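# An overview of the molecular structure
Here's the letter readout for the chains.
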Amino acid sequence: MPSQVRLKKRPQGNAFPQWRFTEDETPDLEDGQIRLRLAYISIDPGMMGWVTDKRSYIPPVNEGEVMRAFGVGEVVESRSDLYPVGSFATGFTGVQSEAVLPAEGFIRRIEPGNLPLNYFLSALGMPGFTGYFGMSDIGAPSEGDTVVVSACSGAVGSIASQIAKLAGARVIGIAGGPEKCKLLTEQFGLEGAIDYKSGSIKDCLREQCPNGIDVYFDNVGGEILDTVLTRMNYKGRVVLCGGISQYGDMDSVQGPKNYLSAITHSLTLRGFTMQDYLLQIPEAVEVLTPLVEQRKLRVLEHVVEGLQNFPEAFEMIFAGRNLGKLMLKVEQ
Ligand code: NAP
């Protein structure tokens, strides 16, 4: 029997949303639709925004609806020539074991070849593309630039930081805890890592970025953004990718109090979402696929088993209990 996770109650204040589990049959296919059997479901910080009833880049999920999520899986039934049975697809599938989707909707056919399906939710999926476009197009580091990336051991940060390294930049990652920091320097080869949970970020930045910061890729907002702003170089670029430190209470978001640095140092602070780059996804696929195949780009993933563990996995990402791209493996 197919199973689904639905939004039961939107988050109130700093409480997490509530969920409801169902086992509803999926409908028969109409012309132009496919049935996808899901293998993996992505858990994203942005989900908090999707269940909040605020004006955003995408309409909110309504209470009672299947929770929106990226997923990847195999086409098991098809009434579309674009997706034969046995082909693979990724896109907005929802948190469910099986999805009936319009073939011309928000999905994309993939050719996994020898690569595992889960890679299409991480380095070769939305987080990878976000890290790639945010860093290469907006951050645009040059050889020798100093680049700082927050939530650096996460899905987006781990790719953004590696793209900056490939451009010849000196990269310092910010992450929570010694284990994550060790991984960044020892396995990802970053020049430095700052554990924001111990000690003063300001002192660490002064020590590890003695010539200032040219590019800051911000995934967290809040105090970390504020502190980094005081160390930016003239004409530096701040890539506003996410603000996870603020997602816990969307009614009380704190803006950067050191924004005057943007005036005194002629900074560019530019926000973006992946929606801006949808038409350029083939470019990201072309650049990132060989890097992954040749292991020049490391893929870091954290897999939790079973749809029933969605609520716990959702909360893990806000507590920093994930190491790399967090996703659910769907048991079929
Ligand atoms: P992720 O980094 O894999 O996981 C989230 C990480 O954020 C946690 O592991 C934790 O790492 C850190 N974190 C959680 N609470 C924090 C806090 N209060 N202060 C500082 N760090 C905190 O998640 P992701 O999918 O790559 O997303 C990273 C950011 O990018 C999010 O803000 C997300 O909304 C944003 N994003 C934006 C787009 C876009 O299109 N603009 C697309 C995807 C994601 P530590 O243990 O290191 O604290």
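Structure: above.
The present account deals with the structure reproduced in this document. (Residues numbered from 1 in each chain as written. Predicted model: local features only at pLDDT ≥ 70, side-chain atom pairs only at ≥ 80, totals over all residues. Heavy atoms only, no water.)

### So, the overall build of the protein
What the protein contains, in helices and strands, is 9 helices and 15 strands. The globule rule puts the C-alpha radius of gyration for 332 residues at 20 Å, and the 20 Å found for the protein is close to it. Along the first, second and third principal axes, the C-alpha set of the protein runs to 60 × 45 × 35 Å. Excluding contacts between residues fewer than 6 apart, the proportion of contacts in the protein whose partners are at least 24 apart in sequence is 64%. (Helix = DSSP H or I, 4+ residues; strand = E, 2+ residues; numbered from the N terminus. Rg over C-alpha atoms; globule rule 2.2 N^0.38 Å. Contact = heavy atoms within 4.5 Å.)

### Considering the packing of helix H2 (residues 126-139) against helix H8 (residues 281-293)
Between two packed helices, the angle of one axis relative to the other and the distance separating the axes together describe the packing. Put simply, H2 and H8 touch, their axes get as near as 10 Å, and they point 95° apart. Taken together, H2 and H8 sit at an angle that is classed as roughly perpendicular. Listed contacts from H8 to Gly128, Phe129, Tyr132 and Phe133 of H2 are Ile281, Glu283, Ala284, Val285, Val287 and Leu288. Across the contact of H2 with H8, the residue classes tally to 8 nonpolar, 1 polar and 1 charged. (Axes fitted to C-alpha atoms, helices over the stretch in contact; angles between N-to-C directions. Parallel < 35°, antiparallel > 145°, perpendicular 65-115°, else oblique. Nonpolar A, V, L, I, M, F, W, Y, C, P; charged D, E, K, R; others polar.)

### Concerning the pairing of strand E8 (residues 146-149)
The alternating pattern of E8 places Thr146 and Val148 and Val147 and Val149 on opposite faces, both of which are buried. Examined bridge by bridge, E8 and strand E9 (residues 170-175) share 4 bridges and lie parallel to one another. By the bridge assignment, valine 148 is partnered in E9 with isoleucine 172. Of the crossover connections in this fold, the one passing from E8 over helix H3 (residues 155-166) to the parallel E9 is right-handed. Across 3 bridges, E8 lies against strand E11 (residues 213-218) in parallel orientation. Its bridge partner lying in E11, valine 149 is registered against phenylalanine 217. (Buried < 20%, exposed > 50% of the residue type's maximum accessible area, 1.4 Å probe, protein only. Pairing = 2+ DSSP bridges. Right-handed = clockwise from strand over helix to strand, strands pointing away.)

### Some points on the sheet that holds E8
Sheet strands line up and pair through hydrogen bonds in the backbone, either parallel or antiparallel. Read from one edge to the other, the open sheet built from 6 strands follows the order E10-E9-E8-E11-E12-E13, with strand pairing classed as parallel. Of all strands in the sheet, those with a lone pairing partner are strand E10 (192-195) and strand E13 (268-271), marking the two edges. On average, each strand axis in the sheet is tilted by 15° relative to the strand beside it, whichever way the strands run. For E11 and strand E12 (residues 232-240), the ladder comprises 5 bridges, and the chain directions are parallel. Its bridge partner being in E12, isoleucine 213 is matched across the sheet by methionine 232. Taken strand by strand, H2 contacts E8, E11, E12 and E13, and its axis lies near 150° from that of E11.

### Regarding the nonpolar core
Counting residues in hydrophobic clusters, the biggest one holds 83 residues, and the most contacted among them are Met47, Met67, Val95, Met135, Leu288 and Phe310. Apart from residues lying up to four places away in sequence, phenylalanine 310 is in contact with Val5, Trp19, Ile43, Met47, Met67, Val95 and Leu328. Ile194, Ile213, Val228 and Leu229 belong to the second largest nonpolar core, which has 18 residues in total. (Core = buried A, V, L, I, M, F, W, Y, C linked by side-chain atoms within 4.5 Å.)

### With respect to helix H9 (residues 310-318)
Residues of H9 that are buried: Phe310, Ala313, Phe314, Met316 and Ile317. Projected onto a plane normal to the axis of H9, the buried residues spread over an arc of 155° and lie on a single side. Considering only its buried residues, H9 is in contact with strand E1 (4-9), strand E2 (18-22), helix H1 (47-50), strand E14 (301-305) and strand E15 (325-329). Positive backbone phi, at 70°, marks glycine 320, one or two positions downstream of H9. (Arc of directions from axis to C-beta.)

### Points about a nonpolar patch on the surface
A contiguous nonpolar patch, built from Tyr259, Leu260 and Ile263 and spanning about 340 Å² of accessible area, is present on the exposed surface. In this structure, tyrosine 259 sits in the loop between E12 and helix H7 (260-264). (Patch = residues over 30% accessible without salt bridge, like charges linked within 9 Å, V, L, I, M, F, W, Y side chains within 5 Å. Areas by Shrake-Rupley, 256 points an atom, 1.4 Å probe, with all protein chains shown as cover. Salt bridge = Lys/Arg side-chain N within 4 Å of Asp/Glu carboxyl O.)

### Description of the layout of surface pockets
What the second largest pocket holds in volume is close to 320 Å³. Lining the second largest pocket, in full, are Val61, Glu65, Val66, Met67, Arg68, Ala69, Phe92, Thr93, Gly94, Gln96, Val100 and Leu101. Taken together, the residues of the lining of the second largest pocket break down into 7 nonpolar, 3 polar and 2 charged. (1 Å grid on protein atoms, 1.4 Å probe; cavity = no way out; pocket = protein on both sides within 12 Å on 5 of 7 lines; lining within 4 Å. Points joined across faces, edges and corners; volume = space filled by probe spheres on them.)

### A closer look at the site of the ligand
What surrounds the ligand is a group of 27 residues, the closest being Val156, Lys180, Tyr196, Tyr247 and Asn322. For the ligand, an oxygen atom lies 2.6 Å from a polar atom in the side chain of lysine 180. One of the side-chain N or O atoms of asparagine 322 is found 2.5 Å from an oxygen atom in the ligand. Its free accessible area being 900 Å², the ligand has 90% of it covered by the protein chains. Breaking the shell around the ligand down by element, the ones donating at least two residues are H2, H3 and H9. Classifying every residue of the shell around the ligand by side-chain character gives 15 nonpolar, 11 polar and 1 charged. (Near = heavy atom within 4 Å. Polar contact = N/O pair within 3.5 Å; in protein donor to acceptor, adjacent residues only side chain to side chain.)

### Observations regarding the packing of helix H5 (residues 201-208) against helix H6 (residues 222-229)
H6 packs onto H5 with a crossing angle of 40° between their chain directions and a minimal axis gap of 10 Å. Here H5 is positioned oblique relative to H6, judged by the angle of their axes. In this structure, the crossing between H5 and H6 has a hand that is right-handed. Listed contacts from H6 to Ile201, Lys202 and Leu205 of H5 are Ile224, Thr227 and Val228. (Left-handed = near helix turned anticlockwise from the far one by under 90°.)

### Looking at the packing of aromatic side chains
Note on aromatic pairs: each is described by the distance of the centres and the angle between the planes. Summed over the entire model, instances satisfying the criterion amount to 13 aromatic pairs. Between tryptophan 19 and phenylalanine 314, the aromatic rings sit 5.3 Å apart at their centres with planes inclined by 70°, giving edge-to-face as the arrangement. Of this pair, tryptophan 19 sits in strand E2 while phenylalanine 314 is found in helix H9, placing the two residues 295 residues apart along the sequence. Phenylalanine 314 carries the same exposure label as tryptophan 19, and that label is buried. (Phe/Tyr/Trp six-rings, centres within 6.5 Å; stacked < 30°, edge-to-face > 60°.)

None of the figures reported here should be taken as evidence of function without further support.
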